[in-house]
Amino acid sequence: MSNQSISTPEFVLKLPQLCAGLPHMIRGLMIADVPKTKTYVGLGPCVEQSARKNPKGLAIVQNERALSYDAFNRWSNRIAHYLLSLGLNKGDCAVVMLENRPELLAVVTACAKIGVVCAMINTSQRDKVLVHSINLVNPKLAIVGEELLAAYQEVSDELVVPKNRRFFVADADTLRETGETPENWFNLPELSEKQPEQNLSQTHGICGEDPLFYIYTSGTTGMPKAVIFNHGRFIKAYGTFGIGVARLRTSDRLYVCLPFYHATAMAVCWGSVLAGSATLIMARKFSASRFWEEINQYGATGFGYVGELCRYLIDQPETPQDAKNRVRLIMGNGLRPSIWKNFKKRFGIERVLEFYASSEGNIGFTNILNFDNTVGLSPMPYAIVKYDKENEMPIRDSKGFMIRVGRGESGLLIGEITEKTPFHGYTDPAKTQQVIFRNVFKQGDAWFNSGDLMRDMGFKHAQFVDRLGDTFRWKGENVSTTEVEHIFDAISDISETVVYGVEIPNTNGRAGMASIRLNCAADKFDFEKLVSELNRALPHYAVPVFLRLRKDMDTTGTFKHKKAPLKEEGFDLKKIEDPVYVLLPKATAYVKLTPKLQQEIEQGKYRY
């Protein structure tokens, strides 16, 4: 199949597969189509249904721990009953800071059952970004794992969380040992272990429109935004993807090493596991060297992925054992066309359930028909429109309306905002309005701006091309250029900064590059101190790989930085005369880029 479009014969060959899966898809869509007023929906009922359907079946496995659905449901009920005893009400927010472990899912399920909204904090956030993310949602309490206690304590004086509502969760199997409680904290496992275990009546009062959790996204500008992810949206993932597409069986085991503060792991992967009452193999963190060993150790029949994870795996030395596994399907997003077919062949993968969705968006694509190099098709109303990269805006015709791209062409993906495909937006109403286009194809219509460049492949299929605007994707994470610029501008001897993403051959996404104007000579600037300050203030994936030293910045008539030429020139020394510096893997300081070093980076000698 061409990367550009799908031919009619190729599509016709998939029709029997489409017909065979149609009953499942219809059932999934019916479950996902939750009326706004219907109650007893969302995550809580999904867990309870699996506990009834498959009570002795394994719900979660991690290392030596194995929890049945019945045990997991009773555990989450105990936590929920305790949280109720604190006087929490539906709609109250709880900050949740836990790494991938069963305690995280038990806490989230407990909160979901009583309508408490979980703020799913990115575990790599620190300093000002962490303060912003926590205070943004006005939480009533914080639930913090021992592994992230130091990060929380560093900024605790700046947080709005009441000091008498801070709950500690030991980094252990807390069903067996509750750990030693830090001073001025409350031990959640200890306080909840004697609580009732029965299901809660409050769960019957949860409806689709009620918020389930906040997922943090870099968005297009500024600090992270808290995206409202409601119970109805979880049911959409559970129904359309879990029941309609993935169709896991109770015998299936899905290995997930993605962070559960992201919707890919929490809603798509776990939602699919719950839909099939299957087993979730929950890995604490991703390890390329141990990945297949753990897949085989736990007998996984599938796994969740992002594109960067797949690249790391394919970069590992080949072995005769690569395809000797039980994996029959994988689900995720960002698998690059450049490695797609080789990845399937090398590791013996039959089905790639690539999907496209954003935490905040109202558009979703799924590779139902198992084509190569596509995010699949979407039943939702969407359009791919012509986009002016230079001016960073959609192109409109003489009547002021946007223009759809032709088959095989790329443009900006937008999703129509309707009653069936609403846009719930951010906690900040002003930020919500910034990503809505109006009068797109007719007067009065409204469309969500995805900020993503997509290619129309025909037959309602699309291919992801790139991120647009002030956000780029690197190492599976969205990086806000504005956030990084603010950090740079606060550093001594830097007077102006422009941040953008550039491509490094054979890597996924775009690496960060910062064009900076110094107040001193380059040989007087402390590049090692710069790296130290950036590592302290930013997650590792947001620290720029390249620096470009400039005397002046090019701006538009409205004083906006012209990023398009900078992105185009990248770090190619043949195109630019400015000095360029690079942060090599595991280095503590930027070093000057030379033609020889540039060639080595482009040839993959240094692994990013």
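Keep in mind that this is a model prediction, so the values were computed, not measured.

What counts and what doesn't
Residues numbered from 1 in each chain as written. Predicted model: local features only at pLDDT ≥ 70, side-chain atom pairs only at ≥ 80, totals over all residues. Heavy atoms only, no water. Core = buried A, V, L, I, M, F, W, Y, C linked by side-chain atoms within 4.5 Å. Buried < 20%, exposed > 50% of the residue type's maximum accessible area, 1.4 Å probe, protein only. Helix = DSSP H or I, 4+ residues; strand = E, 2+ residues; numbered from the N terminus. Contact = heavy atoms within 4.5 Å. Pairing = 2+ DSSP bridges. Salt bridge = Lys/Arg side-chain N within 4 Å of Asp/Glu carboxyl O. Phe/Tyr/Trp six-rings, centres within 6.5 Å; stacked < 30°, edge-to-face > 60°. Lys NZ or Arg CZ within 6 Å of the ring centre and 35° of its normal. Axes fitted to C-alpha atoms, helices over the stretch in contact; angles between N-to-C directions. Parallel < 35°, antiparallel > 145°, perpendicular 65-115°, else oblique. Left-handed = near helix turned anticlockwise from the far one by under 90°. Nonpolar A, V, L, I, M, F, W, Y, C, P; charged D, E, K, R; others polar.

Among the nonpolar cores identified, the biggest contains 108 residues, and L83, M120, F260, W270 and F303 are the most heavily contacted of them. By residue number, the principal contributor to this core is helix α10 (residues 263-275), which donates 10 residues. Those residues in contact with L83 that sit more than four places away from it in its chain are L88, C111, I114, L141 and L188. Within the second largest apolar cluster, 46 residues are counted, among which are V484, I494, A511 and L534.

Let us now look at the pairing of strand β20 (residues 410-416). Most of β20 is tucked away: five of the seven residues are buried. Strand direction decides the pairing type here: strand β17 (residues 382-385) and β20, joined by four bridges, are antiparallel. Following the sheet pairing, V385 is matched in β20 by L412. Sheet topology note: the β20/strand β22 (residues 446-458) ladder contains six bridges and is antiparallel.

The topology assignment puts A278 in the loop between α10 and β11 (279-282). Residue A278 is classed as buried on the basis of its relative accessible area, which comes to 0%. Put simply, A278 and T319 are 41 residues apart on the chain and 30 Å apart in space, counted from C-alpha to C-alpha. Excluding its chain neighbours within four sequence positions, the residues that come into contact with A278 are L58, A59, Y69, L248, R249, T250, D252 and V273.

With that settled, the discussion passes to the pattern of salt bridges. All chains considered together, the criterion is met by 35 salt bridges. Between D322 and R346 there is a salt bridge, with its nearest N and O atoms 2.8 Å apart. One end of the pair, D322, is in the loop between α12 (307-314) and β13 (329-333); the other, R346, is in helix α13 (residues 337-347), and 24 residues separate them in sequence. When its relative accessible area of 11% is taken as the criterion, R346 is described as buried. Through salt bridges that share partners, R65, E99, R101, E103, E147, D171, D173, R176, R284 and K285 make up one connected network.

With that settled, consider the environment of K128. Note on placement: K128 falls in helix α6 (residues 127-136). Taking C-alpha positions, K128 is 9.8 Å from I487, a pair spaced 359 residues apart along the chain.

Right, let's get into the sheet that holds strand β7 (residues 186-187). The mixed open sheet is built from seven strands, whose spatial order is β7-β6-β5-β3-β4-β8-β9. Of all the strands in the sheet, the pair left with one neighbour each is β7 and β9 (225-230). Where strand β6 (residues 166-169) and β7 come together, two bridges link them in parallel fashion. Bridge pairing links F167 to F186 in β7.

This part takes up the packing of aromatic side chains. Tallied over the full model, the rule gives 24 aromatic pairs. A ring pair is formed by F286 and Y312, whose centres lie 6.0 Å apart and whose planes are at 25 degrees; its orientation type is stacked. Note that F286 is positioned in the loop between β11 and α11 (291-297) and Y312 in helix α12, a separation of 26 residues in sequence. Note on F286: relative accessible area 28%, which makes it partly exposed. Relative to W447, the ring of F441 lies with its centre 5.2 Å away and its plane at 80 degrees, an arrangement referred to as edge-to-face. According to the relative accessible area criterion, F441 is partly exposed, its value standing at 23%. Here K14 stacks its cationic end above the ring of F371, 5.1 Å away from the centre of that ring. Here the basic side chain of K225 rests over the ring of Y426, its NZ or CZ set 5.6 Å away from the ring centre.

It is worth spelling out α6 at this point. Listing the buried residues of α6 in full gives V129, L130, V131, S133 and I134. Of the surrounding elements, those touching the buried residues of α6 are β3 (93-97), α7 (149-155), β8 (211-217), α15 (481-489) and α16 (527-537).

This part takes up the packing of α12 against α13. As a packed pair, α12 and α13 sit with axes 11 Å apart at the nearest point and diverge in direction by 60 degrees. Taken together, the axes of α12 and α13 are oblique relative to one another. In the packing of α12 onto α13, the handedness of the crossing is left-handed. Of α13, the residues touching α12 (which contributes C310, R311, L313 and I314) are I339, N342, F343, R346 and F347. Here the contact of α12 with α13 is built from residues that sort into six nonpolar, one polar and two charged.

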